[in-house]
Amino acid sequence: MASPEQPSAKRIAAPALLPPLLRLNDDLLAEIFLRLPALADVGRAATACAAFRRVVSDRAFLRRLRSVHASPLLGLLVFSSIHPAEPPHSNAPFARALQRAANLSFSFVPSAGRWIPVDARDGRVLLEREAMSGDFVVCDPLSRRYLFLPQIPGRPAAQRRGRLEPFLVPASEEDAETSFRVVCVVECKPGRLVAFVFSSATGQWESLTVDASVQPSFKFSWSSYACGCFYWNVAGTNKFLVLDPRSMEFSSVSIPSGHGQQDSVIVEAGEGSIGMFTVYNSIISAASYLVYTVRKIDEEGNSMWQFKKRVRLPSQYIFSFADAMDRHLLLRGIPWNLHLGYSNDEVDIGYFSVEFQSMQIEKMCDLKHLLYAKLYTGFPPSLCVPSI
């Protein structure tokens with residue numbers, strides 16, 4: 001009797017030996033990539049092979065990368081879009097990559113009117129439907145995702161009187177990658193500020209009424225962010241209004257006498273200290289300067305401001321601050337002849353970035369008669385994950 005036919009044995013090919021470099025542990029590769037001096041080097045490494053790409057695209061690695069490298073300055077938020085940084089700006093190659101990969105006009109967001117970008121952080125953009133409407137949406141131009149925010153209770157954001165610019169709160173290391181908060185501060189009654197906070201975790205607005213000792217009809221600058229707090233220059237005074245988004249408490253910071261009459265902005269100075277940049281424009285000499293001071297606190301708790309640097313700005317402009325974010329200032333330069341009324345021709349308004357530490361001044365672009373612009377920072381598309 002013939003024995004039953006035995007199935008033929010399947011031949012298993014011996015695994016191909018990997019080159020020594022590719023046998024490196026992913027964790028070791030991650031440590032090497034984190035030590036590369038520039039983000040462009042990390043991007044090039046990701047294109048070298050599939051193993052490198054796997055390490056670089058890992059969410060845990062990208063989270064660590066953000067703690068090592070500051071987000072590059074990629075462009076400007078203007079009235080209805082993101083305007084990429086133009087050559088010869090050092091980040092123009094990153095800006096071109098963003099332009100190719102993202103929807104910079106926000107056309108993917110459904111709208112019954114025009115969306116106006118009012119703030120941007122961590123790859124997200126906060127849009128408002130028309131000016132001061134109180135209708136908000138947060139979107140990610142790269143992933144083309146968006147989230148409509150519910151109406152603020154009582155619609156106080158629609159009141160034109162006494163509203164501070166809405167803003168996104170910077171994400172902390174503990175926050176989930178797709179979680180965010182939006183804050184809108186309103187002076188509902190003279191001297192009475194109310195902060196409305198939206199959390200993507202709850203999908204709701206919460207309100208906090210604060211007596212910040214603000215005099216009625218005071219005018220505030222746009223906000224800057226430093227050492228975990230937001231700062232507004234109170235026009236005509238030597239004070240900045242301060243909001244701590246962690247405790248939702250208001251306070252104030254005094255600045256040297258006379259600085260309240262100048263254009264100033266608060267920034268991070270390192271080691272938990274705050275610094276202040278001030279623009280000085282001299283009509284007599286047709287010259288502009290950027291002055292940097294740092295606040296020091298002595299053993300008795302007294303604070304004092306120490307002069308650190310003074311930098312001459314390009315001579316053909318009169319300057320003012322437009323924004324400050326992620327170690328960069330945004331300066332708006334209006335040609336002297338336009339400011340003094342010597343020209344009726346259409347002229348370009350120059351926008352310049354200033355890097356805090358190196359004080360490197362670079363022109364980002366020229367925009368005709370456009371006085372509103374804010375910074376847009378973010379990582380190159382190849383090093384991003386959806387933020388919504």
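These figures come from a predicted structure and were not determined experimentally.

Parameters at a glance
Residues numbered from 1 in each chain as written. Predicted model: local features only at pLDDT ≥ 70, side-chain atom pairs only at ≥ 80, totals over all residues. Heavy atoms only, no water. Pairing = 2+ DSSP bridges. Helix = DSSP H or I, 4+ residues; strand = E, 2+ residues; numbered from the N terminus. Axes fitted to C-alpha atoms, helices over the stretch in contact; angles between N-to-C directions. Contact = heavy atoms within 4.5 Å. Salt bridge = Lys/Arg side-chain N within 4 Å of Asp/Glu carboxyl O. Buried < 20%, exposed > 50% of the residue type's maximum accessible area, 1.4 Å probe, protein only. Core = buried A, V, L, I, M, F, W, Y, C linked by side-chain atoms within 4.5 Å. Domains from an automatic or database assignment. Parallel < 35°, antiparallel > 145°, perpendicular 65-115°, else oblique. Left-handed = near helix turned anticlockwise from the far one by under 90°. Nonpolar A, V, L, I, M, F, W, Y, C, P; charged D, E, K, R; others polar. 1 Å grid on protein atoms, 1.4 Å probe; cavity = no way out; pocket = protein on both sides within 12 Å on 5 of 7 lines; lining within 4 Å. Points joined across faces, edges and corners; volume = space filled by probe spheres on them.

S.K.: Provide a residue-level description of the sheet that holds strand S2 (residues 82-84), including the pertinent values.
M.R.: With respect to topology, three strands assemble into an open sheet ordered S2-S1-S23, the strand pairing being antiparallel. Strand pairing shows two members of the sheet lacking a second neighbour, S2 and strand S23 (374-377), which therefore form its edges. Going from strand to strand, the sheet's axes swing by 40° on average, the running direction of each strand aside. Pairing between strand S1 (residues 73-77) and S2: three bridges, direction antiparallel. Bridged to Leu77 within S2 is Ile82. Lying over the sheet, helix H5 (residues 92-101) contacts S1, S2 and S23, oriented at roughly 60° with respect to S1.

S.K.: Any chance you could break down the pattern of salt bridges for me, citing the residues and the numbers?
M.R.: Per the counting criterion, the structure on display carries 13 salt bridges. Between Arg54 and Asp26 there is a salt bridge, and its shortest N-O distance comes to 3.0 Å. With Arg54 in helix H3 (residues 50-56) and Asp26 in helix H1 (residues 26-34), this residue pair connects regions lying 28 residues apart in the sequence. When its relative accessible area of 46% is taken as the criterion, Arg54 is described as partly exposed.

S.K.: Would you mind going over the nonpolar core in detail, with residue names and values included?
M.R.: Of all hydrophobic cores here, the largest spans 34 residues; its most connected members are Phe61, Leu65 and Val125. There are two domains that each give this core at least three residues, and those are domain 1 (20-57) and domain 2 (70-383). Leave out the neighbours within four places in its chain, and Val125 touches Leu77, Ile82, Phe106, Pro117, Asp119, Ala120, Val137, Val138, Cys139, Pro141, Leu168 and Tyr376.

S.K.: Go over the packing of H1 against helix H4 (residues 59-68) with me, naming the residues and quoting the values.
M.R.: It is the contact of H1 with H4, at a shortest axis distance of 10 Å, that shows an interaxial angle of 25°. What the angle tells us is that H1 and H4 run roughly parallel. For the pair H1 and H4, the sense of crossing is right-handed. Here Ala30, Glu31, Phe33 and Leu34 of H1 come into contact with H4, specifically with Phe61, Arg64, Leu65 and Val68. Of the residues belonging to the contact of H1 with H4, the class tally is six nonpolar, no polar and two charged.

S.K.: Which residues make up empty space enclosed by the protein, and what are the values?
M.R.: In the structure shown here, the tally under the stated rule is one cavity of 30 Å³ or more. Approximately 30 Å³ is the volume attributed to the largest cavity. In terms of lining, the largest cavity is formed by Val118, Asp119, Glu165, Pro166, Phe167, Trp222, Ser223 and Lys374.

S.K.: Let's hear about the sheet that holds strand S3 (residues 115-121): which residues, and what values?
M.R.: Taken in spatial order, the four strands of this open sheet run S3-S4-S5-S6, and their pairing is antiparallel. Looking at the sheet topology across the chains shown, the edges are occupied by S3 and strand S6 (145-148). Between one strand axis and the next, the sheet turns by 25° as a mean value, whatever way the strands run. As paired elements, S3 and strand S4 (residues 124-129) share six bridges and run antiparallel to each other. By the bridge assignment for S4, Trp115 is matched with Arg129.

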